[in-house]
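Observations on the three-dimensional arrangement
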Amino acid sequence: MNNVSAIISGMSIKMRPDNRYEGRITVNGTRKSFYGSTKVEVKQKAKEYLQKIENGYREPKKITLNEYISYWLTTYKLNRIEPSSYTRLYRVYECQIKDTLGKKMIGNIVAADIQKLIDNYANPKDTNIKPLALSGLKKIIHLLHPCLAMAVKEGIISSNPCDDIIMPTENYIVVETKQQYSLSECEVEEIKKVALQKYKNNEYKCRNGLVLLILLNLGLRSGEIMVLEWNDIDMNKKIVSINKTMQCGIRDFEGKKETVMYSRVKKSTKTRSGIRVLKLNEMVIFYLKELQEYDKRNCIVSPYVCCTKDGKISSHRNLQKSLDTIISNTAINKRVTLHTLRHTFGSTLIRNGVGIEVVSKLMGHANITITYNKYIHAIQEEEAKAMEMVIIG
């Protein structure tokens, strides 16, 4: 602060032909002018500018977008959002921005630059660019918009160039948005039949087959089933408490080992609404008891329902691998994921007349709009059936 006062005291101020005062100082080798109707106003503007410089401010045309994003992520996001969410943000920066728009000076970036970036990833002319679906394009804006909004707030730029961005239509986007689908009753029966197959000694061929059937009947997220503990289940009351999840693919940014990926148990669910108590039907009770008996026979000791042979938490990859094996032994010829099982649960509820509000709570969605958007296909099917029942005249 003493240095600021010294510079202000030594600043030369003169009257301009337009009757305004102009003061000049040299900062980091660059001449800077300040204008005002009085000498006091000129000195105040210079003081505010110098204080910003002391706090790390740099002229917009001397800061690259890469530099500002790095600062923004570290200052406003690291340890303030979930590690998994931070990792996703960083991946967008690393893959879509760092070597493209990130190299430009932040003060020179206009809406047309960001629009070009979005359009290039929607429909690339360069074969070296991997095209993105609509969800991927939205992630770019979800990073840039709040980042540049903070740059405006901090006085780095005067306006947010993201405000005028227009998302391309689906017809223009090369990569089609993946349409989630649910399994039919026949397909579910096929999966169930294979999942419950046994060897000649009457032992189940796949322990995870029982776990997958539990997931299917409860509509859990893969992260929720992976950390489900036996202590979360009350067999007498026939209820299960869903109160935590597994976060996968997280980077260790604080340890500076950004190439190291790890998983962690989050002591709550994906959303606050995700914490829920579900009723266990007779089939789930059966699958759970069969798991317990399986573990006794095979000397598996673990607090987790979904575990490996040595009792450790299983992984998303292992569970999906087991599902792939089961599907390969059915007549189903499409890609079935762990999320397909969850989506089938939600769709089945709707097709059985369960209200969308109830479905939303059972699925653990943050709000009913998410549920409606995810299951619009099932809702429309039921509406079509209802119309077939209407006969007037």
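The structure under discussion appears in the preceding block.
Residues numbered from 1 in each chain as written. Predicted model: local features only at pLDDT ≥ 70, side-chain atom pairs only at ≥ 80, totals over all residues. Heavy atoms only, no water.

1. Some words on the overall build of the protein
- When helices and strands are counted, the protein shows 15 helices and eight strands.
- Expected size for 393 residues packed as a compact globule is a radius of gyration near 21 Å; at 29 Å, the protein overshoots this value by more than 25%.
- Principal axes of the C-alpha set define a box for the protein whose edges measure 100 × 65 × 45 Å.
- Every one of the 393 residues in the protein was classed for burial, and the buried ones make up 41%.
- Averaging the locations of the 62 positively and 41 negatively charged side chains of the protein gives two centres separated by 5 Å. (Helix = DSSP H or I, 4+ residues; strand = E, 2+ residues; numbered from the N terminus. Rg over C-alpha atoms; globule rule 2.2 N^0.38 Å. Buried < 20%, exposed > 50% of the residue type's maximum accessible area, 1.4 Å probe, protein only. Lys, Arg positive; Asp, Glu negative; His and termini not counted. Charge placed at Lys NZ, Arg CZ, Asp CG, Glu CD.)

2. With respect to the pattern of salt bridges
- Scanning all chains against the criterion turns up 16 salt bridges.
- The salt bridge partner of Arg16 is Asp18, with a shortest N-O separation of 3.4 Å.
- For Arg16, a relative accessible area of 24% puts it in the partly exposed group.
- Residue Glu224 pairs with Arg221 through a salt bridge whose shortest N-O separation is 2.8 Å. (Salt bridge = Lys/Arg side-chain N within 4 Å of Asp/Glu carboxyl O.)

3. Examining the side chain of Glu22
- With respect to the helices, strands and loops of the structure, Glu22 is situated in strand β2 (residues 21-27).
- A polar atom in the side chain of Glu22 sits 3.0 Å from the side chain of Arg24. (Polar contact = N/O pair within 3.5 Å; in protein donor to acceptor, adjacent residues only side chain to side chain.)

4. Some details on the packing of helix α3 (residues 65-77) against helix α4 (residues 83-97)
- At a minimum axis separation of 12 Å, α3 and α4 run at an interaxial angle of 180°. As far as their axial angle goes, α4 and α3 are roughly antiparallel. Contacts between α3 and α4 involve Leu65, Asn66, Ile69, Leu73, Thr74 and Lys77 from the former and Tyr86, Leu89, Tyr90, Tyr93 and Ile97 from the latter. (Axes fitted to C-alpha atoms, helices over the stretch in contact; angles between N-to-C directions. Parallel < 35°, antiparallel > 145°, perpendicular 65-115°, else oblique. Contact = heavy atoms within 4.5 Å.)

5. Observations regarding the nonpolar core
- Formed by 45 residues in total, the largest nonpolar core has its most connected members in Ile214 and Ile225.
- Elements with a minimum of two residues in this core: α7 (185-195), α8 (207-218), α9 (222-226), β5 (239-242), α10 (282-297), α11 (316-328) and α12 (338-351).
- The element that contributes the greatest number of residues to this core is α8, accounting for eight residues.
- Those residues in contact with Ile214 that sit more than four places away from it in its chain are Ile225, Val284, Tyr287, Leu288, Leu291 and Val305.
- Of all hydrophobic cores here, the second largest spans 37 residues; its members include Leu117, Ala122, Leu132 and Leu134. (Core = buried A, V, L, I, M, F, W, Y, C linked by side-chain atoms within 4.5 Å.)

6. Some words on the packing of aromatic side chains
- In this structure the tally under the stated criterion is five aromatic pairs.
- Considering the side-chain rings of Tyr71 and Tyr76, the 6.1 Å spacing of their centres and the 85° angle between planes classify their relative orientation as edge-to-face.
- Among the aromatic residues, those joined into a cluster by ring pairs are Tyr68, Tyr71 and Tyr76.
- Between Lys198 and the ring centre of Tyr204, over which it is positioned, the NZ or CZ distance is 4.7 Å. (Phe/Tyr/Trp six-rings, centres within 6.5 Å; stacked < 30°, edge-to-face > 60°. Lys NZ or Arg CZ within 6 Å of the ring centre and 35° of its normal.)

7. A closer look at the sheet that holds strand β4 (residues 233-234)
- Overall, antiparallel pairing links the three strands, which are arranged β4-β5-β8 in an open sheet. Two strands bound the open sheet, and with one partner strand each, they are β4 and β8 (276-279).
- The pairing of β5 with β8 spans four bridges and is classified as antiparallel. Bridging across to β8, Val240 finds its partner in Leu278. (Pairing = 2+ DSSP bridges.)

8. A few points about the pairing of strand β1 (residues 12-15)
- Relative to β2, β1 runs antiparallel, the two being bridged by four bridges. If you follow Ile13 over to β2, its bridge partner there is Gly23.

9. Section: the environment of Glu293
- As for its placement among the helices and strands, Glu293 is situated in helix α10.
- Glu293 sits 276 residues away from Pro17 along the chain, and the two C-alpha atoms are 94 Å apart.

10. Quick look at unusual backbone geometry
- In this structure, Asn19 takes a positive phi of about 70° despite not being glycine.
- As for its position among the elements, Asn19 is in the loop between β1 and β2.
- In the Ramachandran plot, Cys299 falls in the positive-phi region, its phi being about 55° despite a non-glycine side chain.
- By secondary structure assignment, the location of Cys299 is in the loop between α10 and α11.
- Exposure remark for Cys299: the relative accessible area of 68% places this residue in the exposed category.

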